[in-house]
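Working through the structure, step by step
Residues per chain are reported as follows:
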Amino acid sequence: MQLLKENILIVDDDVNILELLQRHLQSWNYHVFKAISVKEAVSILRDTKIDLLITDLKMPEVNGFELIKFVSEHYPKLPKLVVTGYPSVQGSLAAIKSGVVDYLTKPFTKVELKTALDKSLSASSAKLVHSKNSSEKKQAYGEIIGNSEKINEVIQVIERVKDNKATVFIKGESGTGKELVARAIHYQGKFSRAPFVAVNCGAIPENLLEAELFGYMKGAFTGAETNRGGFFQAANGGTIFLDEIGNASLTVQSRLLRVLQEKEVVRVGSAKAEKIDVRIIAATNSDLRDMIQKQIFREDLFYRLTVVEIEIAPLRERKDDIALLVDKFLFKYGVEYKDRFIQISPEALTVLERYNWPGNIRELENIIQRAVIMCDKIVDIEHLPDYLKYVLNFSSEELVPLKVIEKQYIEKVLRATCNNKTKAAKILQIDRKTLRNKLSE
Ligand SMILES: Nc1ncnc2c1ncn2[C@@H]1O[C@H](COP(=O)(O)OP(=O)(O)OP(=O)(O)O)[C@@H](O)[C@H]1O
Ligand SMILES: [Mg+2]
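Let me sum up the structure you'll find in this document. (Residues numbered from 1 in each chain as written. Chains lettered and ligands numbered in written order. Predicted model: local features only at pLDDT ≥ 70, side-chain atom pairs only at ≥ 80, totals over all residues. Heavy atoms only, no water.)

Okay, the overall build of the protein chain next. A count of helices and strands for the protein chain gives 19 helices and 16 strands. In the protein chain, buried positions account for 44% of the 441 residues. Contacts in the protein chain between residues far apart in sequence, at least 24 positions, make up 68% of those at least 6 positions apart. Surface summary for the protein chain: the accessible area is close to 23,900 Å², and the carbon and sulfur share equals 50%. (Helix = DSSP H or I, 4+ residues; strand = E, 2+ residues; numbered from the N terminus. Buried < 20%, exposed > 50% of the residue type's maximum accessible area, 1.4 Å probe, protein only. Contact = heavy atoms within 4.5 Å. Areas by Shrake-Rupley, 256 points an atom, 1.4 Å probe, with all protein chains shown as cover.)

The relation between two aromatic rings is expressed through the spacing of the ring centres and the mutual angle of the planes. Under the criterion given, the structure shown has 11 aromatic pairs. Ring geometry for Phe-70 and Phe-331: centres 4.5 Å apart, planes at 20°, overall stacked. With Phe-70 in helix α3 (residues 64–74) and Phe-331 in helix α13 (residues 320–338), this residue pair connects regions lying 261 residues apart in the sequence. When sorted by exposure, Phe-70 lands in the same class as Phe-331, which is buried. Three or more aromatic residues joined by ring pairs form one cluster here, namely Phe-70, Phe-331 and Phe-341. Geometry around Trp-28 places Lys-114 over its ring, the cationic atom sitting 5.4 Å from the centre. (Phe/Tyr/Trp six-rings, centres within 6.5 Å; stacked < 30°, edge-to-face > 60°. Lys NZ or Arg CZ within 6 Å of the ring centre and 35° of its normal.)

On the basis of relative accessible area, Phe-331 is assigned to the buried category, the value being 5%. For the pair Phe-331 and Ile-342, spaced 11 residues apart in sequence, the C-alpha separation works out to 6.7 Å.

It is worth spelling out a positive patch on the surface at this point. A surface patch of positive charge is lined by Lys-421, Arg-432, Lys-433 and Arg-436. Here the positive patch takes 3 residues from helix α19 (residues 432–440), the largest share from any one element. Given a relative accessible area of 56%, Lys-433 falls into the exposed group. (Patch = residues over 30% accessible without salt bridge, like charges linked within 9 Å, V, L, I, M, F, W, Y side chains within 5 Å. Salt bridge = Lys/Arg side-chain N within 4 Å of Asp/Glu carboxyl O. Lys, Arg positive; Asp, Glu negative; His and termini not counted. Charge placed at Lys NZ, Arg CZ, Asp CG, Glu CD.)

We now examine the packing of helix α17 (residues 402–416) against α19. Running from amino to carboxyl end, α17 crosses α19 at an angle of 120°, the nearest separation of the two axes being 11 Å. In terms of axis orientation, α17 runs oblique to α19. The way α17 lies across α19 gives a crossing that is left-handed. Contact with α17, carried on its side by Glu-406, Ile-410 and Leu-414, involves Leu-435, Lys-438 and Leu-439 of α19 and no other residues of that element. Residue composition of the contact of α17 with α19, by class: 4 nonpolar, no polar and 2 charged. (Axes fitted to C-alpha atoms, helices over the stretch in contact; angles between N-to-C directions. Parallel < 35°, antiparallel > 145°, perpendicular 65-115°, else oblique. Left-handed = near helix turned anticlockwise from the far one by under 90°. Nonpolar A, V, L, I, M, F, W, Y, C, P; charged D, E, K, R; others polar.)

Counted residue by residue, strand β4 (residues 80–84) has 5 buried out of 5 residues, so it is predominantly covered. Across the two faces of β4 the burial is the same, with Lys-80, Val-82 and Thr-84 and Leu-81 and Val-83 all buried. Where strand β3 (residues 52–55) and β4 come together, 3 bridges link them in parallel fashion. Across the sheet, residue Thr-55 finds its bridge partner in β4, namely Val-82. In this structure, β4 lies alongside strand β5 (residues 102–105), joined through 4 bridges in parallel fashion. (Pairing = 2+ DSSP bridges.)

The next subject is a nonpolar patch on the surface. On the surface, a cluster of nonpolar side chains totalling about 360 Å² of accessible area is made up of Val-400, Leu-402, Val-404 and Ile-405. Looking at the secondary structure, you find Val-400 in the loop between α16 (386–393) and α17.

As structure tokens, then:
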């Protein structure tokens, strides 16, 4: 039996075309996945490694253009072939053609299909080499969306560390994408087939963390009924992500130091060391330098962990990325909840771009998710939470210290009482002496 060749995903709302394509493709031994809508296509793409996408353009609900846009951002290396029966959309086709997409007009012969297919598949392997060397800006890196200078710097560091096992330290406010970056380092690199183990050091009780990380021997403590490996053993060969590292106790810290220095772990209750080969990525949103000052974080561990440091800027410092992120989340939740591509009004986007995002990308994602549910086809200002809008309506001159308001109000009451301090004090419900003090201030 011959081995199946590449996985090809075909998307068309016309089942006759799907079947025709399938017959041809299978005759050449390709493995075929069929989708009759963009929604189905997206879910196949999520679960399967696809080598070529063949799509129709005109489809109800979400059309082929949106799918191409989505694929270009999420699976930039995936070649795309458009099969269209509508020469009238030539204008848009020209736009696609100028990019990376090939196309084939319906009706087509089997030979024409084969030619287009070979071209798409071979062009994609040539392009890989090309794009590695070119400095052209991309709008997504794996799952990471953004094209701001700050995010491009982060991506450059990821590129440098992904294929080696240097320890990486990621710093950033809550919701800035620390875990996303850690996963990108692992999954974009050459150890991506080895395990990625994420440990939230803040979520595991302090007395259990040591055993959870390094494993334990039978009888090491009550409840230790067998010998068991920990997260480090589970991550062997791959990456361990130590999130909220600031929460590790001093005992755990000194054990971590040993792992970093000796590349070995010792289970709780054992004297024997086991060799271990893991890349450590640590992350925190607390200020470790301050913790070192307070002697609750080991300085020597800090320097071992920060071989490579990645600082992820808060969203308010890279507002250029907001529109791209909004686009991604609109697509994601539009397909999930509404079966269509949801848009946003320029006014609503302006509101989003003005806000300062204390909860960063996580907050933005939640807001878009909610807005998609609330809206019909277009997200408008009314679908955004009120606290975003208040920011829009406040002008900074209106915000004054309490003392200023107090002074203005006392003056108003004095005017109303014709400067009678006794009456004024009574209205203000303070005694005359307090009023006198305030006036002399
Ligand atoms: N650049 C980005 N592109 C797309 N999605 C992003 C980006 N940054 C963050 N996200 C999304 O935002 C959410 C929060 O990201 P993540 O969990 O990585 O943040 P974090 O820094 O680990 O937050 P915390 O400190 O609260 O744990 C996730 O759903 C993630 O997919
Ligand atoms: Mg996190």
